[in-house]
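Breakdown of the fold
Next come the chains, spelled out residue by residue.
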Amino acid sequence: MLRTSLSRLSPPSSLLRPFSSSSTRLTSGKCFPIPSKTQSWIDGKYHGQSGEEMSNFSPGTGALISTVEVATQATIDAAVASAQAAFPAWSALSGAERGRILTRAAVLIREYNSEMSLLESVDAGIPVSETEFVQVLGGADCFEYYGGLASNACVTGQMMDTPHAGGHKDSFCYTRREPLGVCAGIGAWNYPVLVMSWKVAPALACGNTFVYKPSECTPLTALKIAEILKEAGLPDGVFNVVVGDRTTGPMLTRHSDVKKLSFTGSTETGIRIVKEAAETLKKVTMELGGKSPLLVFEDADVDNAVGAAMMSNWYTQGEICSNATRVFVHKSVKEEFVRKLVERTKQLKVGDPLDPLTHVGAMIMPPDNKTGHMDRVIGYIERAKADPRNKLILGGNTHTIEVAGGKGGSGNEGCYVEPTIFECTDDNSELVKEEVFGPVMSILEFEDEADAVERANDTIYGLGAGIMTNNLARAHRVAKQFQSGNVWINNYNLTPSEMPFGGYGMSGYGRECGTYAIDNYTQIKNVYVEMGDVDSSCYP
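Residues numbered from 1 in each chain as written. Predicted model: local features only at pLDDT ≥ 70, side-chain atom pairs only at ≥ 80, totals over all residues. Heavy atoms only, no water.

**Observations concerning the overall build of the protein chain**
What counts, and what does not: In this text, helices come from DSSP runs of H or I with a minimum length of four residues, and strands from runs of E with a minimum of two, each type numbered from the N-terminal end. Taken over C-alpha atoms, the radius of gyration is set against a globule rule of 2.2 Å times the number of residues to the power 0.38. Throughout, a residue-residue contact means that at least one pair of heavy atoms, one from each residue, lies within 4.5 Å.
The number of helices and strands found in the protein chain is 15 helices and 25 strands. Radius of gyration (C-alpha) of the protein chain: 25 Å, near the 24 Å computed for a compact globule of 540 residues. Overall, the protein chain is about 85 × 60 × 40 Å in size when its C-alpha atoms are taken along their principal axes. When contacts within the protein chain are restricted to residue pairs at least 6 apart in sequence, long-range pairs at least 24 apart make up 76% of them.

**A closer look at the UniProt feature "active site" (unreviewed entry) in the protein chain**
Threshold: UniProt positions are given in the numbering used here, feature names are shortened, and annotations may be inferred rather than shown by experiment.
Cross-referencing UniProt, the feature "active site" (unreviewed entry) maps to Glu287 in the present numbering. Within the secondary structure, Glu287 is located in strand β12 (residues 283–287). Setting aside chain neighbours within four positions, we find Glu287 in contact with Phe263, Thr264, Gly265, Cys321, Leu463, Phe501, Ser507 and Glu512.

**Here's the deal with the nonpolar core**
Rules: Here, the term nonpolar core denotes a set of buried Ala, Val, Leu, Ile, Met, Phe, Trp, Tyr and Cys residues that are joined through side-chain atoms within 4.5 Å. Buried means the residue's accessible area, taken with a 1.4 Å probe over protein chains only, is under 20% of the maximum for its type, while exposed means over 50%, and partly exposed covers the values in between.
Of all hydrophobic cores here, the largest spans 95 residues; its most connected members are Phe143, Tyr146, Phe210, Phe239, Leu294, Val296 and Phe337. Sort the elements by how many residues they give to this core and helix α5 (residues 192–205) lands first, with 10 residues. Core analysis: the second largest hydrophobic core is formed by 29 residues, Met363, Tyr380, Val432 and Ala452 among them.

**Describing the sheet that holds strand β19 (residues 440–446)**
Here is the rule we go by: Here, any two strands with at least 2 DSSP bridges between them count as paired. Axis definition: a line fitted to C-alpha atoms, limited for helices to the stretch in contact. Angles are taken between N-to-C directions and run from 0 to 180 degrees.
Taking strand neighbours across the sheet as the criterion, the 7 strands line up as β15-β18-β19-β14-β13-β21-β22 in an open arrangement whose pairing is mixed. The open sheet has two free edges, formed respectively by β15 (390–394) and β22 (487–489), since each of these has just one partner strand. Taking each pair of neighbouring strands and ignoring which way they run, the sheet shows an average axis angle of 20°. For strand β21 (residues 465–468) and β22, the ladder comprises 3 bridges, and the chain directions are parallel. Paired with Ala465 across the bridge in β22 is Val487.

**What to know about the environment of Asp303**
By the element assignment, Asp303 lies in helix α9 (residues 302–311). Judged by relative accessible area, Asp303 falls into the partly exposed class, the value being 44%. Leaving out residues up to four positions away in the same chain, Asp303 has contacts with Lys340 and Arg344.

**With respect to the packing of helix α2 (residues 95–111) against helix α6 (residues 220–231)**
Test applied: Any angle that falls under 35 degrees is termed roughly parallel, while one over 145 is termed roughly antiparallel, one within 65 to 115 roughly perpendicular, and all others oblique. Helix crossings get a hand from a simple test, with the near helix turned counterclockwise from the far one by less than a right angle marking a left-handed crossing and a clockwise turn marking a right-handed one. Under the scheme applied here, ten amino acids are nonpolar (Ala, Val, Leu, Ile, Met, Phe, Trp, Tyr, Cys and Pro), four are charged (Asp, Glu, Lys and Arg), and all others, including Gly, are polar.
Taken N-terminus to C-terminus, the directions of α2 and α6 make an angle of 125°; their axes are 9 Å apart at the nearest point. The orientation of α2 relative to α6 falls into the category oblique. α6 is crossed by α2, and the crossing has right-handed handedness. Listed contacts from α6 to Ala105, Leu108 and Ile109 of α2 are Ile225, Ile228, Leu229 and Glu231. Its residues assigned to classes, the contact of α2 with α6 comprises 6 nonpolar, no polar and 1 charged.

**Points about the pairing of strand β18 (residues 420–424)**
Of all 5 residues that make up β18, 4 are buried, and the element is covered over most of its length. Alignment of β15 against β18, held across 4 bridges, turns out to be antiparallel. Bridging from a neighbouring strand, Lys391 pairs with Glu423 of β18. In the sheet, β18 pairs with β19 via 4 bridges, with the strands oriented parallel.

**Details of the confidence of the model for the protein chain**
As a reminder of what qualifies: pLDDT measures the predictor's confidence residue by residue and takes values from 0 up to 100.
Mean pLDDT over the protein chain works out to 91, with 91% of the residues at or above the 70 mark. Here residues 404–411 is modelled with pLDDT under 50, and outside its nearest four sequence neighbours on either side it reaches 13 contacts, counting other chains as well.

Spelled out as structure tokens, the structure:
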């Protein structure tokens, strides 16, 4: 959800300018102290256990944030049992009663925005300017939206006359939308609060209970949302959080008492989860990877096009599944587009996520391999440099940024990659075909609309696509032809809670957000009502 003004990307600053230690903190005061040990949240309280632990590192410094207790099968069973026990009373509440609690939660999330944003930036490496104005407030918007839907009785059925059913002419049937029971979600590390909100808010609005497993890289803010929901009046057991590593998710996926699973993450992991969920016939929603196109036509406003390209590549360090990393630019405006893009990108500040002036923060830091994701991104960059089909225009380097609090005193072990731009001549090169999940943009040239659309659709993914043009007839024509679940015209990556979000192809299926998400968390019961006698004349 990218609502921050494009002007935030333009103030001049040195790419590597050091910043003062005063901007670096691990807490924002007494509201949200970071615990030395992170535990699961079950039945309205923290749940301690003995056993395996893992480390949670801050991407900006490499410093240890906390030790995380890895959920065991017993922990998962306790969380699901808590959700099961809470389901009858929660689902029996009216939509208005549930809606009031969700709306109150939205108010509290906004009240705690500064603390939540800081925690998100420490945990995920995302610039605080993004977490404070987009991620956390976006989560609040989501709870408010579904609180309103629940209160307005949006979870409704239909009534149908049945004159040809064989019964009385006045007989009819009606449908009821009913909650599923215990639902589960497995979240992503790039948008921890927002991704969680997209799953939890509609599920609770429909009367379900929930067990959520945040990414092993970013476990902290989900637990704070649990505390906020309790403060808002959510009954114990309705929402539970289990923290752990990559062994934790499959326990939820295969659990026979979990009726629905929503996953956000890589396509490879999604495929495995679908297979596991099939063993118990769970409903599943998959929001997976992408390699999205942005088409810049000759009549586009070039400045706006550059802004859209930057927002769809540099925001959140490029760690966004729907990013338009394949930027197709019409030959007649390509030179101007590239020149302006390079000029603006050179002004971006790569650095401390807690510095309000930072534009590009730190790459995520997995607990089992601190530089693993950064190394993966740099691997794509180095192979692209060696490929004659690609020309490096800007960037392509890692950086050591001086951040107070980094391991070793004056320096740090944070993970930083410059915004990197390549001009590419072959759509089939590795860089153009594969999802990098970092700040790496590929620029490709086109002249013909039909050819551009065909090339844009030449991918296994179908999560996002964008069009920059002043010709609205062309915009709608091209939007119709895109094989993608989300299309933006003259902007990119705006995802309000009212808008359904999901993909085609290997980008997954099902939709999050909007009224469409109600389908994910309800099941349909049909009730036939006979208004006359039973016609059994065919029997003696």
